[in-house]
Amino acid sequence: MNNTGSVTVLQKYQRKRLNQRGQTLMYLAFGSIFLLAITVLGTLVGDIAITTNFTQKNFLPHMAHPFGTDWLGRDMLARTLKGMSISIYIGLFASVISAVIAAILGAAAATLGKKVDAVITWFIDLVMGIPHLLLLILISYALGRGTFGVVVAVAISHWPVLTRIIRGEILQLKEANYIKIAGKLGQSKMKIVVKHMIPHVLPQFLVGLVLLFPHAILHEAALTFLGFGLPPEQPGIGIILSESMKYLSLGMWWLALFPGMVLMTAVLLFDLVGGSLRKIIDPHSAQE
Amino acid sequence: MILEAKGISFGYKKGVNILDQVQITIESHERVGIVAPSGFGKTTLCQILSGYIKPTSGQVLLDGKDIHKIEGYCPVQMIWQHPEKSVNPRLRMKDIIAEGDEIEDRIMDGLGIERDWFHRFPGELSGGELQRFCIARALGKRTKFLIADEISTMLDLITQSQIWKFLLTEVAERKIGLIVVTHSNPLMERIATRRVVLDTQL
């Protein structure tokens, strides 16, 4: 008796919603555009972020300054954008270096025999065994802090997870029947690598790279917040947050809230982009 | 051509050999059935004979030449039990089949492979359909020995008989040596001219 009703509902449902693949693609596009916008805007704001204006100190958020102003009259929106874009650049740079290290070590562990594998696996365990933040602080401090210290520290402490993934994938591929069969059918080693291995490992690598961003950005911010990272004259997100600490007790909540929210949004968006990318690339979940 | 296994021993664990001093000689007009219960190393023997695994001792010789020293297309081709694992899920069937020798249309027709399957991915074909591709792929011009490890277990009886009928005429015409593993007694009786029984001393 309810047949007609349920059919109508179904049609409405199908007409309204995108299919899952479309939805994933939309997430991906939305996340990427948003992050790109933050980066570009942050790069373009230039000097507004450091220009002081003592006639406009300690303003609450309002139309002219949506994020408010700080104790030196600097526009917090500009500072936040600038800080976020610096964090994204550092994150990008550090995770690319990390990913390249991971690719080289992972491939070496999987292909260069048992001894090399044992050494690399030992190093993975070693780096993973040390508390992350401690390792970051030590490396950054030893390299004299500053941008260089942060980038190196984040870059050389984030490779183990991706290295493990790549090593595992290649080891599994080497044992795959279809790859052994390709060899018996007269395909050269080079052809097997290009035709079978790279198309399989490259997507995993790219997704791993994107998923490294949020880690790198968060760790950069944490390091800077603790005072072992970027110098105070560079308005990194970590600097903004640690400076705002002193003013929080004076009731200036907007100094910490908005930059913190932007940092969190960026990290979540990078995670969303990476997750969507993985869903689309992986043939098992591409249509989900 | 002659495929010889000389004193082959192999074990997955150290000290426990599942194959011990196996001797087989197969000529290229023969059809040999390998008989043994599950877990007695039939598949392992197949993989050793086609050069996928190196035995811990002994040698596999093809016309006197060590099978591991053959470069390029291997004249001993094995068809695996699981067709889904034998093809790269990311490639289309036409690219998969193009990896070996060129396969004549006669073979495709004989195995009942339809033309529109070529543009599909392995995930879009059934196990039986995939296995036909795997059989066709192993029947390249340079194939002299064919090792069939339980290749028809996932097929219905009509398809089974169609495929075996074709395979047997093909093998007879081209004088390809056939090594068959199957649990089906009627099939074994129809195919094999000679049987090798793997026995245990445990």
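Residues numbered from 1 in each chain as written. Chains lettered and ligands numbered in written order. Predicted model: local features only at pLDDT ≥ 70, side-chain atom pairs only at ≥ 80, totals over all residues.

**What to know about the overall build of chain B**
And step 1. Helix and strand content of chain B: 6 helices and 9 strands.
And step 2. Taking 17 Å as the expected radius of gyration for a compact globule of 202 residues, we find that chain B reaches 17 Å, a close match to that expectation.
And step 3. Summarising its shape, the C-alpha atoms of chain B cover approximately 50 × 35 × 35 Å along the three principal directions.
And step 4. In chain B, which comprises 202 residues, the proportion classed as buried is 39%.
And step 5. Counted over contacts in chain B with a minimum sequence separation of 6, partners at least 24 positions apart contribute 74%. (Helix = DSSP H or I, 4+ residues; strand = E, 2+ residues; numbered from the N terminus. Rg over C-alpha atoms; globule rule 2.2 N^0.38 Å. Buried ≥ 20, exposed ≤ 12 C-beta atoms within 10 Å, placed from the backbone. Contact = placed C-beta atoms within 7 Å.)

**Things to note about the overall build of chain A**
And step 1. Tallying secondary structure elements over chain A gives 11 helices and 0 strands in all.
And step 2. The linear arrangement of helices and strands in chain A, starting from the amino end, is α-α-α-α-α-α-α-α-α-α-α.
And step 3. In terms of C-alpha radius of gyration, chain A reaches 24 Å, well past the compact-globule figure of 19 Å for 288 residues.
And step 4. For the C-alpha atoms alone, the extent of chain A along its principal axes is close to 80 × 70 × 30 Å.

**Considering the packing of helix 6 (residues 146-155) of chain A against helix 9 (residues 189-225) of chain A**
All names here are of chain A.
And step 1. Between helix 6 and helix 9, the least distance of the axes is 10 Å, while the angle of their chain directions is 135 degrees. The angle between helix 6 and helix 9 falls in the class oblique. Note that helix 6 runs across helix 9; the crossing there is right-handed. Here Val 150, Ala 153 and Val 154 of helix 6 come into contact with helix 9, specifically with Ala 216, His 219, Glu 220, Leu 223 and Thr 224.
And step 2. Residue composition of the contact of helix 6 with helix 9, by class: 5 nonpolar, 2 polar and 1 charged. (Axes fitted to C-alpha atoms, helices over the stretch in contact; angles between N-to-C directions. Parallel < 35°, antiparallel > 145°, perpendicular 65-115°, else oblique. Left-handed = near helix turned anticlockwise from the far one by under 90°. Nonpolar A, V, L, I, M, F, W, Y, C, P; charged D, E, K, R; others polar.)

**Some thoughts on the confidence of the model for chain B**
And step 1. For chain B, per-residue confidence averages 89 on the pLDDT scale, and residues scoring 70 or more make up 99% of the total.
And step 2. Model confidence for the complex is summarised by a pTM of 0.77, with the ipTM given as 0.89. (pLDDT = per-residue confidence, 0-100.)

**Section: the sheet that holds strand 4 (residues 57-62) of chain B**
Residues and elements named next belong to chain B.
And step 1. The 4 strands lie next to each other as 2-1-4-5, forming an open sheet whose pairing is antiparallel. Looking along the sheet, the strands with just one partner apiece sit at the ends: strand 2 (19-27) and strand 5 (65-66).
And step 2. Bridge count between strand 4 and strand 5: 2 bridges; the pairing is antiparallel. In the strand pairing of strand 5, Leu 61 is matched with Asp 66.
And step 3. Sheet strands in contact with helix 1 (residues 42-49) are strand 1 (2-10), strand 2 and strand 4, and its direction is about 125 degrees off that of strand 1. (Pairing = 2+ DSSP bridges.)

**Concerning the environment of Gln59(B)**
Residue and element names in this part refer to chain B.
And step 1. Here Gln 59 shows up in strand 4.
And step 2. The exposure class assigned to Gln 59 is partly exposed, which follows from the 16 C-beta atoms found within 10 Å.
And step 3. In this structure the C-alpha to C-alpha distance between Gln 59 and Leu 167, which are 108 residues apart in sequence, comes to 28 Å.
And step 4. Among all residues touching Gln 59, those that are not within four sequence positions of it are Lys 6 and Asp 66.

**Things to note about the UniProt feature "domain: ABC transmembrane type-1" (unreviewed entry) in chain A**
And step 1. In this numbering, the UniProt entry assigns the feature "domain: ABC transmembrane type-1" (unreviewed entry) to residues 84-274 of chain A.
And step 2. Counting secondary structure, residues 84-274 of chain A comes out at 84% helix and 0% strand; the distance between its end C-alpha atoms is 19 Å. (UniProt positions renumbered as here; feature names shortened; annotations may be inferred.)

**As for the environment of Gly149(A)**
Residues and elements named next belong to chain A.
And step 1. Looking at where Gly 149 falls in the secondary structure, it is placed in helix 6.
And step 2. In this structure the C-alpha to C-alpha distance between Gly 149 and Ile 137, which are 12 residues apart in sequence, comes to 9.2 Å.
And step 3. Discounting chain neighbours no more than four positions away, the residues touching Gly 149 are Ser 140, Leu 143 and Gly 144.

**With respect to the nonpolar core**
And step 1. Residues Met84(A), Val154(A), Val210(A) and Ala266(A) are the most contacted members of the largest nonpolar core, which totals 60 residues.
And step 2. Leave out the neighbours within four places in its chain, and Val210(A) touches Phe270(A), Val273(A), Gly274(A) and Leu277(A).
And step 3. In terms of nonpolar packing, the next biggest core, distinct from the first, is built from 52 residues, Ile67(B), Met78(B), Ile97(B) and Ile151(B) among them. (Core = buried A, V, L, I, M, F, W, Y, C linked by C-beta atoms within 7 Å.)

**A look at the sheet that holds strand 9 (residues 194-197) of chain B**
Residue and element names in this part refer to chain B.
And step 1. In spatial order, the strands read 6-7-8-3-9; together these 5 strands make up an open sheet with parallel pairing. Either end of the sheet is taken by a strand with one partner, and the two such strands are strand 6 (76-79) and strand 9. The average undirected angle you get between the axes of adjacent strands in this sheet is 20 degrees.
And step 2. Bridging between strand 7 (residues 145-149) and strand 8 (residues 177-181) involves 5 bridges; their strand directions are parallel. Across the sheet, the residue bridging to Leu 146 is Leu 178, located in strand 8.

**Quick word on unusual backbone geometry**
Residue and element names in this part refer to chain B.
And step 1. Notably, Asp 63 is not glycine yet its phi reads approximately 50 degrees, a positive angle.
And step 2. For Asp 63, the position within the fold is in the loop between strand 4 and strand 5.
And step 3. Unusually for a residue other than glycine, Lys 175 sits at a positive phi of about 55 degrees.

**Things to note about helix 1 of chain B**
And step 1. In terms of burial, helix 1 of chain B is a largely internal element, 8 of the 8 residues being buried.
And step 2. Listed as buried for helix 1 of chain B are Lys42(B), Thr43(B), Thr44(B), Leu45(B), Cys46(B), Gln47(B), Ile48(B) and Leu49(B).

**What to know about the UniProt feature "transmembrane region" (unreviewed entry) in chain A**
Residue and element names in this part refer to chain A.
And step 1. In the UniProt entry, the feature "transmembrane region" (unreviewed entry) is given for residues 25-50, 86-110, 122-142, 205-230 and 250-270.
And step 2. The span residues 86-110 shows a helical share of 100% and a strand share of 0%, and its end C-alpha atoms are spaced 36 Å apart.
And step 3. The straight-line gap between the two end C-alpha atoms of residues 250-270 is 33 Å; of that span, 81% is helix and 0% is strand.

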